[in-house]
Structure formats: C-alpha cells, structure tokens
Amino acid sequence: MPKEWILNIAMNRWGLNKKDIVGPVSAWIRECSPRSKEDWEKFYINKLSEFLKNKGINLSPAEYLIEIGKKLYVKISEVIRAEIESVTEEDCVNFIYQVIIDRTFEGYQTERTTIYRQLENVLGISIKPAPDEWDRLYNVDFYIEIGSNKFIGLQIKPVTFEHAPEYKIKWKEVYKESHQKFENEFGGKVFTVLSVKEGESRRIYNEEVIEQIKNEIKRLKE
C-alpha cells in the first residue's frame, strides 16, 4: 500500500520494531516453528506477556501493542509532519544536486583511494594516479612505474558481491581494446581491481589480481 513506506520509515527511525521494544521476534518464531499464523500469534502473545512482566510493564500484550501503534502515529502525525512542512523547494533542489554531484563524487574518490592504498600496502610499491589523458584513452585510474619506461595500468571498479563474476566478465570485455592499446604502448598489462563493500569499508573482491600484478612486476623487471 502507498502509505506503507511512511510507516516503515517511522518504525525503523524510532526503533519501534527492535527486540528491546517488541521482543526478539526472529528468535521466537524459529523457536515456535508455527504451522499457521494463529500458532505464531498465540506463541508470541505468551512470550510478550512474560517479556512485559520482566520489564515491569503493567499492560496486557494487546494493550502494549496498541500503545506502540499510537506512539508510531504521534511520530508520523506530529514529528514527521512538522519536518515535511519545514522542507522548502530550495531544500529539494539543493539536495538533488548534493546527492548526484557531491556525494557521488565523494563516494567515488573514497572508494578509489581506499582500494589503491590497500594495493600499495600489499605490493609494497608506489601507485600513482593516472593522468586524465590515460583515463580517457586507456581507461586506467592508476599506474605502477617499472624502471623508466614501463608501466602497469590499474582500473578500479565497484561491484556488488552477488554479481561479482558477471561484472568481472563485463569490464574485461568492455575495456579489452583500450587496455590492449595501453599494453602495446607501455609494455605492462592493465588489471581491473574489483571493489566490494563490507559494512562501512571496502576490500578487494578479486584477490587473485594481487598475485597477477606481482607476476607482471616481476616480468617487467626481468
């Protein structure tokens, strides 16, 4: 239903579905293993009754759930409504610009910096940002200089864990020609490093690329 997104946002924002409010429902339903919704409802009401007694709340389970619902309504009808009314057209215009331009760029820069620093630490070698011209001509974000005239190219691409294999094939095919051109001109291969998010940080998804880069460094030095 159209209004459900508002209910979900408010419930999650004020934690009205957290286990310290409504009990550990995920654990309880596994413990219950209900065959029907009625089985689960009866089991939950019994568990919630014990939960309320332990917390010193003198309400029946039905009364307690009604109170939570009323609290949700107050948050939506008073707090969220006041916040919505304070939003101006200028706020909306500025927000769109910030999300599309500022935050996207900041996220991109953070991702690339994080990953290339990880590579520097693992490889024990300096990695430098590629000139703008190399980005346009060869699709290279960073490079490793070997000797005075040989270079290895690095391209960093974000990837979701679920679709990593497909992304790996995709980027390899899309940039095959430009990466081959880089190798022909500078002697070293271009490696695509896939970045995957884990919590608040990022790591190198295709870790096998590290050994491949090491082998390429060794080959060019020889």
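Everything that follows concerns the structure shown earlier in this document.
Keep in mind it's a predicted model, so treat the numbers as computed, not measured.

Engineer: Is there a simple way to think about the packing of helix α3 (residues 25-32) against helix α4 (residues 37-54) in this case?
Structural biologist: Two quantities define a packed helix pair, namely the angle between the axes and the distance from one axis to the other. At a closest axis distance of 10 Å, the pairing of α3 and α4 adopts a crossing angle of 125°. Judged by the inter-axis angle, α3 sits oblique to α4. Both α3 and α4 take part in a crossing whose hand is right-handed. Where α3 abuts α4, its residues Val25, Trp28, Ile29, Glu31 and Cys32 lie against Asp39, Trp40, Phe43, Tyr44, Lys47, Leu48 and Phe51. Broken down by class, the residue content of the contact of α3 with α4 amounts to 9 nonpolar, no polar and 3 charged.

Engineer: What should I look at first to understand the sheet that holds strand β1 (residues 128-129) in this one?
Structural biologist: Each strand in a sheet pairs with its neighbour through backbone hydrogen bonds, running either in the same direction (parallel) or in the opposite one (antiparallel). Strand order in this open sheet of 5 strands is β1-β2-β3-β4-β5, and the pairing throughout is mixed. Of all strands in the sheet, those bounded by a partner on one side alone are β1 and β5 (201-204). Examined bridge by bridge, strand β2 (residues 142-146) and strand β3 (residues 150-158) share 5 bridges and lie antiparallel to one another. When the sheet's bridge partners are listed, isoleucine 146 is paired in β3 with lysine 150. Relative to the sheet, helix α10 (residues 208-221) contacts β2, β3, β4 (187-198) and β5, its axis offset from that of β4 by approximately 160°.

Engineer: Explain the environment of glutamate 4 here, please?
Structural biologist: Relative to the helices and strands, glutamate 4 resides in helix α1 (residues 4-13). Considering only alpha carbons, one finds glutamate 4 and glutamate 78, 74 residues apart in sequence, at a separation of 17 Å.

Engineer: For this particular structure, what's the right way to read the nonpolar core?
Structural biologist: One broad trend across soluble globular proteins is that nonpolar side chains are buried collectively. Counting 20 residues, the largest nonpolar core has Leu119, Leu123, Ile127, Ile144, Leu154 and Ile213 as its most contacted members. Among the elements of the structure, α6 (89-123), β2, β3, β4 and α10 are those that each provide at least two residues to this core. No other element matches α10, which puts 5 residues into this core. Filtering out sequence-adjacent residues up to four positions away, isoleucine 213 remains in contact with Leu119, Leu123, Ile144, Ile152, Leu154 and Phe191. Formed by 15 residues, the second largest nonpolar core is a distinct cluster that contains Ala10, Val22, Trp40 and Tyr44.

Engineer: How do you make sense of the pattern of salt bridges when you look at a structure like this?
Structural biologist: Side chains that differ in charge, positive against negative, can pair when their charged atoms come close. Following the criterion strictly, the structure yields 7 salt bridges and no others. Across the salt bridge formed by lysine 189 and glutamate 183, the nearest N and O atoms sit 3.4 Å from each other. Note that arginine 203 and glutamate 207 form a salt bridge whose closest N and O atoms lie 3.9 Å from each other. Since its relative accessible area comes to 22%, arginine 203 is described here as partly exposed.

Engineer: What should I look at first to understand helix α9 (residues 176-186) in this one?
Structural biologist: One full turn of an α-helix is made of 3.6 residues, so residues set three or four places apart face in the same direction. Among the residues of α9, Ser178, His179, Phe182 and Phe186 are the ones counted as buried. Along α9, the residues classed as buried sweep out an arc of 100° about the axis, all on the same side. When the buried face of α9 is taken as reference, the exposed residues oriented beyond 90 degrees from it are Lys176, Glu177 and Asn184. The elements touched by buried residues of α9 are α7 (132-138), β3 and β4. Positive phi appears at glycine 187, one or two residues downstream of α9, with a value of about 85°.

Engineer: What's the story with the packing of aromatic side chains in this structure? I'm lost.
Structural biologist: How two aromatic rings sit relative to each other is given by the distance of their centres and the angle of their planes. As enumerated under the stated definition, the model contains 15 aromatic pairs in all. Here the aromatic rings of phenylalanine 182 and phenylalanine 186 are separated by 4.9 Å at their centres, their planes lie at 50°, and the arrangement is tilted. You can see phenylalanine 182 and its partner phenylalanine 186 sitting in helix α9, 4 residues apart, about one turn around the helix. Judged by its relative accessible area of 0%, phenylalanine 182 is buried. Taken together, Trp134, Tyr138, Tyr143, Phe151, Phe182 and Phe186 form an aromatic cluster joined through their ring pairs.

The rules behind each value
As a convention, each chain's residues are numbered from 1 in the sequence order in which they are written. In keeping with the predicted nature of the model, local features appear solely for residues at pLDDT of at least 70, side-chain atom pairs appear and are counted solely at 80 or more, and the whole-chain, interface and lining totals rest on all residues. Note that water and hydrogens are dropped before the side-chain values are worked out from all heavy atoms of the structure. Whenever a helix is involved, its axis is fitted only over the stretch in contact; in every case the axis is a line through C-alpha atoms, and angles between N-to-C directions fall within 0 to 180 degrees. Only DSSP runs of H or I covering at least 4 residues are called helices, and only runs of E covering at least 2 are called strands; the numbering of each starts at the N terminus. Throughout, the term roughly parallel applies to angles under 35 degrees, roughly antiparallel to angles over 145, roughly perpendicular to angles from 65 to 115, and oblique to all others. Crossing handedness is read from the near helix: turned anticlockwise from the far helix by less than a right angle, it gives a left-handed crossing, and turned clockwise, a right-handed one. By definition, residues are in contact when any of their heavy atoms lie within 4.5 Å. Three classes are used, and their members are as follows: Ala, Val, Leu, Ile, Met, Phe, Trp, Tyr, Cys and Pro are nonpolar, Asp, Glu, Lys and Arg are charged, and the others, Gly among them, are polar. Two strands form a pair only when DSSP identifies at least two bridges running between them. Note on terminology: a nonpolar core comprises buried Ala, Val, Leu, Ile, Met, Phe, Trp, Tyr and Cys residues joined through side-chain atoms within 4.5 Å. Throughout this description, buried means an accessible area under 20% of the type-specific maximum (1.4 Å probe, protein chains only), exposed means over 50%, and partly exposed covers the range between. By definition, a salt bridge exists where a carboxyl oxygen of Asp or Glu is found within 4 Å of a side-chain nitrogen of Lys or Arg. The directions considered for the arc are those from the helix axis to the C-beta atoms. Centre distance within 6.5 Å is the pairing criterion for rings of Phe, Tyr and Trp, where only the six-membered ring of Trp is used; planes under 30 degrees apart are then read as stacked, over 60 as edge-to-face, and the remainder as tilted.

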